[in-house]
Amino acid sequence: MKNLLVTGGCGFIGANFIRYVFEETDFTGRIVNLDKLTYAGNPESLADIQRKFASRYVFCRGDICHRSFVAEVLDTYSIDAIAHFAAESHVDRSIVKPDDFIQTNIIGTYTLLQLAREHMPQITRFHHVSTDEVFGSLGETGFFTETTPYSPNSPYSASKASSDHLVRAYHETYKLPVTMSNCSNNYGPFHFPEKLIPLMILNALEGKPLPVYGDGMNVRDWLYVRDHAVAIWMILNKGVTGETYNVGGRNEMKNLDVVNIVCDLLDEMVGKLPDKESRRELITFVKDRPGHDRRYAIDCSKIERQLGWKPAESFDTGIRKTIRWYLDNKDWIAHVRSGDYLKWIAQHYG
Ligand code: NAD
Ligand code: DAU
């Protein structure tokens, strides 16, 4: 692997992945980051990487659905491997307006697969980054394994399920050298503040209401984002073609417990709000998300056993690092929340 194309590298997980590969692995090749820069894409998240690794990092602004543009990138940079992160990723947005989810997650993935197929044998690996949400909802017990039947419940998860099926089909039909991963909820630095954990950190810091959907008893399996980056890197390098790997943190938590922990840690780390005994008083139960999956939990024994992956962070260590990062990166937060951010993109990337 000499020239790795990362799609969606300016998003939360993609940016953490690129950072991990440059800073912590022995990779000596080039990474080409192809990103459309939607509201969720922040090239600023990689500004230091762009400076430090200028000769081995290329950013190309563009849409994965744009066939001739992607073909040009594959040819110009002699791409030999693809790590496909680009997607519309927020469930609530998919419920309000599914259009971009169908376009990017399904048509975009199809466009990449088709081009990768046309670029065989130059392309030696296509890794598709997917989600545990394709499996639907669990009851009180049990875990998602790699053979759990698909049962997606939101437009987001249905679009990801569709892309997973296409990836699998391109392997079976055309022998495209694919691997796939289905991961649980990530958290950590550079997480866009529409998702539960960063939203709660920022609202709680500012003394704003903390909207908890339904009864707050929905369960998610939280994984620190660097651990996900390590898993993807291992799969790219050691994963078996045609195989899929479940990735999870063995950190099942009820949403309400997550929010309580964020409140307590902020009280400890920055002091209490002047008018509140505890930030927990900010918690506000709001209308439930339609089709809200009750519980996710991943059985990640396959990747542990076969590739030797193991998460390094517990929820306790990971959430402290995450809160510290949001406390120390006020400029990034102000930037992604402001209109200036769009101006910055226009100035730098047209
Ligand atoms: P994100 O929303 O933070 O980032 C998505 C990135 O893709 C952004 O930089 C955006 O600009 C880019 N993008 C969107 N549409 C594009 C298009 N048409 N062409 C090119 N670039 C485009 O998402 P994330 O949380 O980093 O998720 C990355 C991947 O991981 C997604 O495929 C998601 O389904 C999957 N995933 C996410 C989680 C999670 O907890 N966040 C868990 C499991 C799997
Ligand atoms: O499981 C993997 C998935 O995790 C990824 O595929 C998605 O891209 C990612 O966004 C995430 O999806 P969720 O819907 O689980 O994440 P979100 O942060 O939106 O919500 C987490 C839980 O918190 C969920 O049960 C809904 C709830 N929630 C969320 C928000 C934003 C609230 O109670 N209040 C909120 O304000």
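Quantities reported herein were computed from a predicted structural model and do not represent experimental measurements. (Residues numbered from 1 in each chain as written. Chains lettered and ligands numbered in written order. Predicted model: local features only at pLDDT ≥ 70, side-chain atom pairs only at ≥ 80, totals over all residues. Heavy atoms only, no water.)

Comments concerning the overall build of the protein
Here is step 1 of the chain: Looking only at helices and strands, the protein features 13 helices and 13 strands.
Here is step 2 of the chain: Relative to a compact globule of 350 residues, whose C-alpha radius of gyration would be 20 Å, the protein shows 20 Å and is just as compact.
Here is step 3 of the chain: Dimensions of the protein, computed from C-alpha atoms along their principal axes, come out at roughly 65 × 45 × 40 Å.
Here is step 4 of the chain: Relative to its full complement of 350 residues, the protein shows a buried share of 58%.
Here is step 5 of the chain: Sequence-distant contacts, at least 24 apart, represent 83% of the contacts inside the protein between residues at least 6 apart.
Here is step 6 of the chain: As presented, the protein carries roughly 14500 Å² of accessible surface, and 52% of it is formed by carbon and sulfur atoms.
Here is step 7 of the chain: Averaged over its 40 positive side-chain charges, the protein has a centre that lies 2 Å from the centre of its 44 negative ones. (Helix = DSSP H or I, 4+ residues; strand = E, 2+ residues; numbered from the N terminus. Rg over C-alpha atoms; globule rule 2.2 N^0.38 Å. Buried < 20%, exposed > 50% of the residue type's maximum accessible area, 1.4 Å probe, protein only. Contact = heavy atoms within 4.5 Å. Areas by Shrake-Rupley, 256 points an atom, 1.4 Å probe, with all protein chains shown as cover. Lys, Arg positive; Asp, Glu negative; His and termini not counted. Charge placed at Lys NZ, Arg CZ, Asp CG, Glu CD.)

Regarding helix α6 (residues 155-174)
Here is step 1 of the chain: Along its 20 residues, α6 runs 28 Å from first to last C-alpha, staying within 8% of the 28 Å computed at 1.5 Å per residue.
Here is step 2 of the chain: A positive phi of about 60° marks K175, the residue just after α6. (Expected span 1.5 Å × (residues − 1).)

Considering unusual backbone geometry
Here is step 1 of the chain: Residue P121 is reached from M120 by a cis peptide bond, and omega for that bond is 5°.
Here is step 2 of the chain: Turning to its location among the elements, P121 is positioned in the loop between α5 (99-118) and β5 (125-131).
Here is step 3 of the chain: Look at L37: it is not a glycine, yet its phi comes out positive at around 60°.
Here is step 4 of the chain: Mapping L37 onto the fold places it in the loop between β2 (30-35) and α2 (47-52).
Here is step 5 of the chain: Phi at K175 is positive, roughly 60°, even though this residue is not glycine.

Let's talk about the nonpolar core
Here is step 1 of the chain: By size, the foremost hydrophobic cluster in this structure holds 45 residues, and its most contacted members are L4, F17, I18, I31, I303 and W309.
Here is step 2 of the chain: For this core, the elements supplying multiple residues, two or more each, are β1 (3-7), α1 (12-24), β3 (57-61), β4 (81-84), α8 (225-238), β11 (244-247) and α10 (301-307).
Here is step 3 of the chain: Sorting elements by how many residues they give to this core places α8 first, with 8 residues.
Here is step 4 of the chain: If sequence neighbours within four positions are ignored, W309 has contacts with L223, D227, V230, A231, M234, V247, G248, C300, I303 and E304.
Here is step 5 of the chain: Residues A204, V259, F315 and W325 belong to the second largest nonpolar core, which totals 32 residues. (Core = buried A, V, L, I, M, F, W, Y, C linked by side-chain atoms within 4.5 Å.)

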